[in-house]
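# Residue-level structural notes
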Amino acid sequence: MNWPARPGEWLTQPSLITSWVAELDGRTVGHIGLSRSDAGDAAPGLWSARTGASVDATAVISRLFVAPSARGHGIGSLLMAQAVGESRARGLHPVLDVVATDTAAAALYERLGWQLLATVEQQWSPDQRVAVRCYAAPRRQVY
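Residues numbered from 1 in each chain as written. Predicted model: local features only at pLDDT ≥ 70, side-chain atom pairs only at ≥ 80, totals over all residues. Heavy atoms only, no water.

Across its full length, the chain holds four helices and six strands. Helices (α) and strands (β) of the chain occur, in sequence order from the N terminus, as α-β-β-α-β-α-β-α-β-β. Projected onto its principal axes, the C-alpha positions of the chain cover 45 × 40 × 30 Å. When contacts within the chain are restricted to residue pairs at least 6 apart in sequence, long-range pairs at least 24 apart make up 62% of them. Of the roughly 7,900 Å² of accessible surface on the chain, a fraction of 52% belongs to carbon and sulfur atoms. Side-chain charges of the chain comprise 13 positive and 12 negative groups, with the mean position of each set lying 6 Å from the other. (Helix = DSSP H or I, 4+ residues; strand = E, 2+ residues; numbered from the N terminus. Contact = heavy atoms within 4.5 Å. Areas by Shrake-Rupley, 256 points an atom, 1.4 Å probe, with all protein chains shown as cover. Lys, Arg positive; Asp, Glu negative; His and termini not counted. Charge placed at Lys NZ, Arg CZ, Asp CG, Glu CD.)

What follows is the structure in structure tokens.
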């Protein structure tokens with residue numbers, strides 16, 4: 001939806017825990033990140049309010065990309081499984097948000113059993129408000 005002015009900084013934000021890429025036939029075709037909650041993240045606060053657990057007990061799945069030419073190979077699910085596994089290994093509960101208009105991504109998360117917490121508006125810039133769907137992973141997840 002919006003490409004950042006400084007993609008390198010966006011991809012290596014201070015809250016980043018770790019990230020992965022996916023390859024297909026020797027080409028990089030996907031990426032996912034796992035981060036600590038930032039002030040602008042809505043999903044951790046919604047999950048915290050619903051469960052009574054601390055926002056610090058969450059990890060945010062961020063920046064899931066799969067190249068259009070590589071879709072249909074299960075790469076999104078594999079990247080999600082990697083990030084969720086790492087989150088759980090760290091004792092954190094995975095959450096995420098996605099632009100509400102990205103129906104393909106929302107369908108993936110819902111197929112994987114993620115629970116919709118709410119749809120909220122975020123201020124992305126002084127002149128841009130965006131609706132995002134906030135999700136939490138189920139307590140136990142099978143990919």
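Ile61, Ile75, Met80, Tyr109 and Trp114 are the most contacted members of the largest nonpolar core, which has 26 residues in total. Contributions of two or more residues to this core are made by strand S1 (16–24), strand S2 (27–35), strand S3 (58–66), helix H3 (75–89), strand S4 (93–99) and helix H4 (103–111). Sort the elements by how many residues they give to this core and H3 lands first, with five residues. The residues contacting Tyr109, other than those within four sequence positions of it, are Leu64, Met80, Leu96, Val98, Trp114 and Tyr135. Counting residues in hydrophobic clusters, the runner-up holds 11 residues, among them Ala42, Trp47, Val60 and Val99. (Core = buried A, V, L, I, M, F, W, Y, C linked by side-chain atoms within 4.5 Å. Buried < 20%, exposed > 50% of the residue type's maximum accessible area, 1.4 Å probe, protein only.)

Attention shifts here to the sheet that holds strand S5 (residues 115–125). Picture the strands of a sheet paired through backbone hydrogen bonds; they go either parallel or antiparallel. Pairing in this open sheet of six strands is mixed, and the strands run S1-S2-S3-S4-S6-S5 from one edge to the other. Whereas interior strands pair on both sides, the edge strands pair on one side only; in this sheet they are S1 and S5. Between one strand axis and the next, the sheet turns through 30° on average, direction left out of account. Pairing between S1 and S2: eight bridges, direction antiparallel. Looking at S2, one finds that Ala22 is bridged to Gly30. Lying on the sheet, H3 is in contact with S1, S2, S3 and S4; it crosses S3 at an angle near 160°. The strands touched by H4 are S3, S4 and strand S6 (128–136); relative to S6, the strand with the most contacts, the crossing angle is about 15°. (Pairing = 2+ DSSP bridges. Axes fitted to C-alpha atoms, helices over the stretch in contact; angles between N-to-C directions.)

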